[in-house]
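# Topology and contacts: notes
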Amino acid sequence: MSTAAPPGFRFYPTEDELIGFFLRHKLDRRRESDIARVIPVADVYTVDPWRLPSMAGEACRADGEQWFFFCPRQAREAHGGRPTRTTPSGYWKATGSPSFVFSSAENNPALGVKRTMAFYRGRAPTGTKTEWKLNEYRALADHPGGAASLTSLIFHSEFSVCRVYTNSGCVRAFDRRPVGGARTVAPALASSFDGDSSVLRRSAGGEVDDSYMACVPECV
């Protein structure tokens, strides 16, 4: 049975859920077949971004705006070197500064660190910036206490989770859910994660309320 969402629905996890549920499950090797159908493994830094949508998981393959992948750590990075971010047509370049991603739990612990990349056609440093962007999320091995600095953190580095997207002109923030409108889950996709309260929650009436897929109105 297909796990693709019906028309009007899309895979729309929060940053909290990307790290706290999907990436943690991947790193802990739990429910691997279910997770792989939703977010596959791909070395996104070596593939031209316009090729990535066809490589995405069932939940967002047809999405015209964003796609999710687990990116394995490169061998040179594991040995202390700098990762390669060069593709056949260009390269990924970091923009801005890394920032913490915090849990929605009561004490708001830091779950991981987010870094944003932009894709440039051509070769550095004279490449031309494109509309393709990427958010890379890495999970922390431990919750930092006090005023921890990004340079002193210890990461779970086997995989990161990446959101590849294009600028759509929409002002919707990625880590917010749309307000209003009915929300539900495709039955076949929901059954894959039934029982995980961090992903599927039930309303007072007993109906399944999704935490990782939402009905998102089109931007105008």
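Residues numbered from 1 in each chain as written. Predicted model: local features only at pLDDT ≥ 70, side-chain atom pairs only at ≥ 80, totals over all residues. Heavy atoms only, no water.

Broken down by element type, the protein carries four helices and nine strands. Secondary structure elements of the protein, listed N to C terminal, follow the sequence β-α-α-β-α-β-β-β-β-α-β-β-β. Taken over 220 residues, the protein has a buried fraction of 44%. Residue pairs at least 24 apart in sequence account for 69% of intrachain contacts in the protein once pairs closer than 6 positions are excluded. Of the roughly 11,400 Å² of accessible surface on the protein, 50% is carried by carbon and sulfur atoms. (Helix = DSSP H or I, 4+ residues; strand = E, 2+ residues; numbered from the N terminus. Buried < 20%, exposed > 50% of the residue type's maximum accessible area, 1.4 Å probe, protein only. Contact = heavy atoms within 4.5 Å. Areas by Shrake-Rupley, 256 points an atom, 1.4 Å probe, with all protein chains shown as cover.)

This brings us to the pairing of strand β4 (residues 110-121). Consecutive side chains of a regular strand alternate in pointing toward one face of the sheet and then the other. The element β4 is largely enclosed, with a buried count of nine among its twelve residues. Sheet topology note: the strand β3 (residues 90-102)/β4 ladder contains ten bridges and is antiparallel. Within β4, the position partnered with Thr-95 by the bridge is Thr-116. Examined bridge by bridge, β4 and strand β5 (residues 128-140) share nine bridges and lie antiparallel to one another. In the sheet register, Met-117 faces β5, and the bridge partner there is Leu-134. (Pairing = 2+ DSSP bridges.)

As a further point, take the packing of aromatic side chains. The geometry of an aromatic ring pair is captured by the separation of the ring centres together with the interplanar angle, meaning the angle of the planes. Applying the stated rule across the entire model yields eight aromatic pairs. What links up through ring pairs into an aromatic cluster is the set Phe-11, Phe-21, Phe-22 and Phe-68. Over the aromatic face of Phe-159 sits the side chain of Lys-26, whose NZ or CZ is 4.9 Å from the ring centroid. Just above the ring of Tyr-165 sits the side chain of Arg-163; from NZ or CZ to the centre is 3.8 Å. (Phe/Tyr/Trp six-rings, centres within 6.5 Å; stacked < 30°, edge-to-face > 60°. Lys NZ or Arg CZ within 6 Å of the ring centre and 35° of its normal.)

Counted according to the given criterion, the structure contains five salt bridges. Here Lys-114 and Glu-15 are joined by a salt bridge, their closest N and O atoms 2.9 Å apart. Of this pair, Lys-114 sits in strand β4 while Glu-15 sits in helix α1 (residues 15-27), and the two are 99 residues apart along the sequence. Classification of Lys-114 by relative accessible area gives partly exposed; the value is 21%. Take Glu-15: its relative accessible area is 9%, and that puts it in the buried class. Arg-31 is the salt-bridge partner of Asp-34, the closest N and O atoms lying 3.4 Å from each other. When salt bridges that share partners are traced, they join Arg-31, Asp-34 and Arg-37 into one network. (Salt bridge = Lys/Arg side-chain N within 4 Å of Asp/Glu carboxyl O.)

What follows concerns the nonpolar core. Where a protein is soluble and globular, its nonpolar side chains tend to be buried together. Counting 36 residues, the largest nonpolar core has Ile-39 and Val-44 as the members making the most contacts within it. Sorting the residues of this core by element identifies α1, α2 (32-38), β2 (66-72), β3, β4, β5 and β6 (155-166) as the ones contributing at least two each. (Core = buried A, V, L, I, M, F, W, Y, C linked by side-chain atoms within 4.5 Å.)

A few words now on the confidence of the model for the protein. On average, residues of the protein score 73 in pLDDT, and 62% of them are at 70 or above. By mean pLDDT, the top-scoring element of the protein is β5 (94), and the lowest-scoring one is strand β7 (residues 200-202) (34). Note that residues 145-149 has pLDDT below 50 and, in this model, two contacts with residues that lie over four places away or in other chains. In the predicted structure, residues 175-220 sits below a pLDDT of 50 and forms 102 contacts with residues beyond four places in sequence or in another chain. (pLDDT = per-residue confidence, 0-100.)

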